[in-house]
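# Chain and residue survey
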Amino acid sequence: MKPLQSLTRPNIWKLKPYSSARDEYKGAAASVFLDANENPYNMPHNRYPDPMQHDLKAELSKIKKVPAENIFLGNGSDEAIDLLFRAFCEPRVDNVVAIDPTYGMYQVCADVNDIEYRKVLLDEHFQFSADQLLAATDEHTKLIFLCSPNNPTGNDLLRSEIEKLVRSFDGLVVVDEAYNDFSEAPSFLEELEKYPNIIVLQTFSKAWGCAAIRLGMAFASPEIIDILNKIKYPYNVNRLTQKQAMEMLSRYYEIERWVKTLKEERGLLEAEFAKLPCTVRLFPSDANFFLVCVTDAVAIYSYLVKKGIIVRNRHSVSLCGNCLRVTVGTRLENEMLLEAMREYRG
Ligand code: PMP
């Protein structure tokens, strides 16, 4: 890996971050807080939240078995994705490389930040080759984006290729594990110490059932985490979110049960989809959704909309012609979808 300084935008490396009132006074012993121009009434919402989310990181650290200094928390993992561009990529000079198809926000953030986005098409098994991704890089490539299990294809990327890429690339490799809880593959969190150039993204939006609270996690070396913390908005994770996340962390067993149920439901749904006359090909999934190639994705999508059932039409996405992406719902929701699909006459 190149020295972190040479991978970081010079203005960010030398940035003196904003220091908030709650950054400057961290002690809990005081009882009179007249430092942050808050309103003394309307407790507890009158107070700014902890800018570094200490309590939440301490709890997360226990569950994820990663020291708190290796954790960044943001307003969804989308915030972390955007901050990675802003921290490491010089507009109109640097570039990033990503697999294609994959999660759309990598490209949107690249475009917003005026960074060249280089796509490398997956193969027919939706896998990538480390050599091909490396061949797309040059001296201005700062980040490579991988997503495993990948969205919208649903499959885990080959671990051997991910490791090969991480070992051979001298920039940073982002492994987005938003759906890893639904997969049998171990998380790359276990490899954080081994690979100083890896950034693992996870989220409360999927297995944790908390898309509404907007809480995403980035795990990386403390040096990388410090850079993200330096450029984030001071109070990027609001108090209600921190509180709700703490509560979810204390109900860890419930999340495991949801994941188990959703994986079983995925199996049932896939088995039934395989029998449908309009199914052309089902793709194996390691996530809480699956991709299915159908006879006419546009027609079936509209047909389902008319029945009040919304799936994702991925017809116009690379390698996903005539594909629908189906999220696994409750047993009742899945049965309603299947019933509608069985009645479809194309
Ligand atoms: N990564 C992937 C692969 C996703 O599919 C999504 C959301 N669909 C996200 C990240 C964003 O997650 P968050 O809600 O944490 O911003």
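Residues numbered from 1 in each chain as written. Predicted model: local features only at pLDDT ≥ 70, side-chain atom pairs only at ≥ 80, totals over all residues. Heavy atoms only, no water.

Attention shifts here to the overall build of the chain. When its secondary structure is counted, the chain shows 13 helices and 11 strands. Its C-alpha atoms give the chain principal-axis dimensions of roughly 70 × 50 × 30 Å. In the chain, 69% of the contacts between residues at least 6 apart in sequence involve partners at least 24 apart. Carbon and sulfur atoms form 53% of the exposed surface of the chain, whose accessible area is close to 16600 Å². For the chain, the centre of its 41 positive side-chain charges and the centre of its 48 negative side-chain charges are spaced 3 Å apart. (Helix = DSSP H or I, 4+ residues; strand = E, 2+ residues; numbered from the N terminus. Contact = heavy atoms within 4.5 Å. Areas by Shrake-Rupley, 256 points an atom, 1.4 Å probe, with all protein chains shown as cover. Lys, Arg positive; Asp, Glu negative; His and termini not counted. Charge placed at Lys NZ, Arg CZ, Asp CG, Glu CD.)

Residue position: valine 173 is located in strand S5 (residues 172-176). Residue valine 173 is classed as buried on the basis of its relative accessible area, which comes to 0%. Considered as a pair, valine 173 and serine 20 are 153 residues apart in the sequence and their alpha carbons are 31 Å apart. (Buried < 20%, exposed > 50% of the residue type's maximum accessible area, 1.4 Å probe, protein only.)

Reading across the sheet, the four strands line up as S8-S9-S11-S10 and stay open at both edges, with antiparallel pairing between neighbours. The sheet is open, and its two edges are formed by strand S8 (279-282) and strand S10 (312-313), each paired on a single side. Summarising the sheet, S8 and strand S9 (residues 289-294) pair through three bridges and their orientation is antiparallel. Bridging across to S9, leucine 282 finds its partner in valine 292. The strands touched by helix H12 (residues 297-306) are S9, S10 and strand S11 (323-327); relative to S11, the strand with the most contacts, the crossing angle is about 40°. (Pairing = 2+ DSSP bridges. Axes fitted to C-alpha atoms, helices over the stretch in contact; angles between N-to-C directions.)

Bringing the sheet that holds strand S7 (residues 216-219) into the picture now. Picture the strands of a sheet paired through backbone hydrogen bonds; they go either parallel or antiparallel. Pairing within the open sheet is mixed, and its seven strands lie in the order S1-S7-S6-S5-S4-S2-S3. Both outer strands of the open sheet, strand S1 (71-74) and strand S3 (116-121), are each paired with one neighbouring strand and no more. Shown here is a sheet whose adjacent strand axes are inclined to one another by a mean of 20°, direction ignored. In this structure, strand S2 (residues 95-100) lies alongside strand S4 (residues 141-147), joined through four bridges in parallel fashion. Paired with valine 97 across the bridge in S4 is isoleucine 144. Relative to S4, helix H5 (residues 77-88) is tilted by about 160°, and along the sheet it contacts S1, S2, S4, S5, strand S6 (198-203) and S7. On the sheet, helix H9 (residues 222-231) packs against S1, S5, S6 and S7 and is oriented at approximately 25° with respect to S1.

Right, let's talk about the packing of H5 against H9 for a bit. At a minimum axis distance of 10 Å, the contact between H5 and H9 shows a crossing angle of 100°. Accordingly, the angle class assigned to the pair H5 and H9 is roughly perpendicular. Taken together, the residues of H9 that come into contact with H5 (itself represented by Leu83, Leu84, Arg86, Ala87 and Phe88) are Ile224, Ile227, Leu228 and Ile231. When grouped by side-chain class, the residues that make up the contact of H5 with H9 number eight nonpolar, no polar and one charged. (Parallel < 35°, antiparallel > 145°, perpendicular 65-115°, else oblique. Nonpolar A, V, L, I, M, F, W, Y, C, P; charged D, E, K, R; others polar.)

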